[in-house]
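The chain contents come next:
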Amino acid sequence: MIRSSLVLAFLLAGCGGQTSGASQAPSPAPVDRAAGLAAFETVRSVLQHPRCQNCHPAGDVPLQGDEGRLHNQFVLRGPTGHGMAGAECTTCHGPANPPSSYGAHVPPGVAKGWHMPPPDMPMVFVGVAPGALCEQIKDPARNGGKDMAALRVHLEDPLVTWGWNPGAGRTPIPTPYAEFVAAWETWARAGAPCPGG
């Protein structure tokens, strides 16, 4: 009897069936508001790091360096976020970071093509209070029409992940990428609460 039960259990498992009493993988546990707000602080600290803020300024001039100085070549956002005619971002920013042997002041690059958000949706991170930043991120009218699931996918965009591997002479985002993503997911499971709201 025991032997036939074991054979049946193995057959069911081999065919993708389940034995009685087997459970599905548990859903992630709900997260309370306080934990969600704490997680958003990690998210905020990444978004307001110079690697992110430099392409998300308050104006139409991208920023450079850890101090967020105006771009040296006086480039502008342009009508699509890719720069102005004849001075597109990809004129200087190639498809990858140059080797460190090129020196510290060589324009970085990324496979997707360097650009800023478009002028009609600038996604400003510089100088924005945490609550306002949070609301802006979640608002499809201001974030390119993305819901929370699409925003999570956006975290894997090469321009986003570049912040952790910015090339020679640039300070990477200090929060490990996996920690940032985990904080994002915790914040999302809590209902994406915003500070002060």
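Data block above holds the structure.
Here we summarise the structure given alongside this text.

The rules we used
- Residues numbered from 1 in each chain as written.
- Predicted model: local features only at pLDDT ≥ 70, side-chain atom pairs only at ≥ 80, totals over all residues.
- Heavy atoms only, no water.
- Phe/Tyr/Trp six-rings, centres within 6.5 Å; stacked < 30°, edge-to-face > 60°.
- Helix = DSSP H or I, 4+ residues; strand = E, 2+ residues; numbered from the N terminus.
- Buried < 20%, exposed > 50% of the residue type's maximum accessible area, 1.4 Å probe, protein only.
- Expected span 1.5 Å × (residues − 1).
- Arc of directions from axis to C-beta.
- Contact = heavy atoms within 4.5 Å.

Some thoughts on the packing of aromatic side chains
Tallied over the full model, the rule gives 6 aromatic pairs. Between Trp 164 and Phe 180, the aromatic rings sit 5.4 Å apart at their centres with planes inclined by 35 degrees, giving tilted as the arrangement. Note that Trp 164 is positioned in the loop between α6 (158-161) and α7 (177-189) and Phe 180 in helix α7, a separation of 16 residues in sequence. Judged on exposure class, the residue Trp 164 and its partner Phe 180 are both buried. Taken together, a centroid distance of 6.5 Å and an interplanar angle of 50 degrees make the contact between Tyr 177 and Phe 180 tilted. You can see Tyr 177 and its partner Phe 180 sitting in helix α7, 3 residues apart, about one turn around the helix. Judged by its relative accessible area of 25%, Tyr 177 is partly exposed.

Things to note about helix α2 (residues 33-47)
In a regular helix each residue adds 1.5 Å, so 15 residues correspond to 21 Å; α2 covers 20 Å between its end C-alpha atoms and thus fits that length. Restricting attention to buried positions, one finds in α2 the residues Gly 36, Ala 39, Phe 40, Val 43, Arg 44, Val 46 and Leu 47. One side of α2 carries all its buried residues, which in axial view fall inside an arc of 150 degrees. Residues of α2 that are buried make contact with α3 (50-53), α4 (130-138) and α7.

A short note on α7
A turn of α-helix holds 3.6 residues, and therefore any two residues three or four places apart point the same way. Taking 1.5 Å per residue, 13 residues should reach 18 Å; α7 reaches 18 Å between its end C-alpha atoms and fits that length. Burial in α7 covers these residues: Phe 180, Val 181, Ala 183, Trp 184 and Trp 187. Projection of α7 onto a plane perpendicular to its axis shows the buried side chains occupying an angular sector of 160 degrees, all on one side. In this structure, the buried residues of α7 make contact with α2, α4 and α5 (148-154). One or two residues past the end of α7 sits Gly 191, with phi positive at roughly 95 degrees.

Quick look at the side chain of Gln 53
Looking at the element boundaries, Gln 53 is found in helix α3. Overall, Gln 53 belongs to the buried group, its relative accessible area being 16%. Residues contacting Gln 53, with those up to four places away along its chain left out, are Leu 47, Gln 48, Leu 63, Phe 125, Val 126 and Gly 127.

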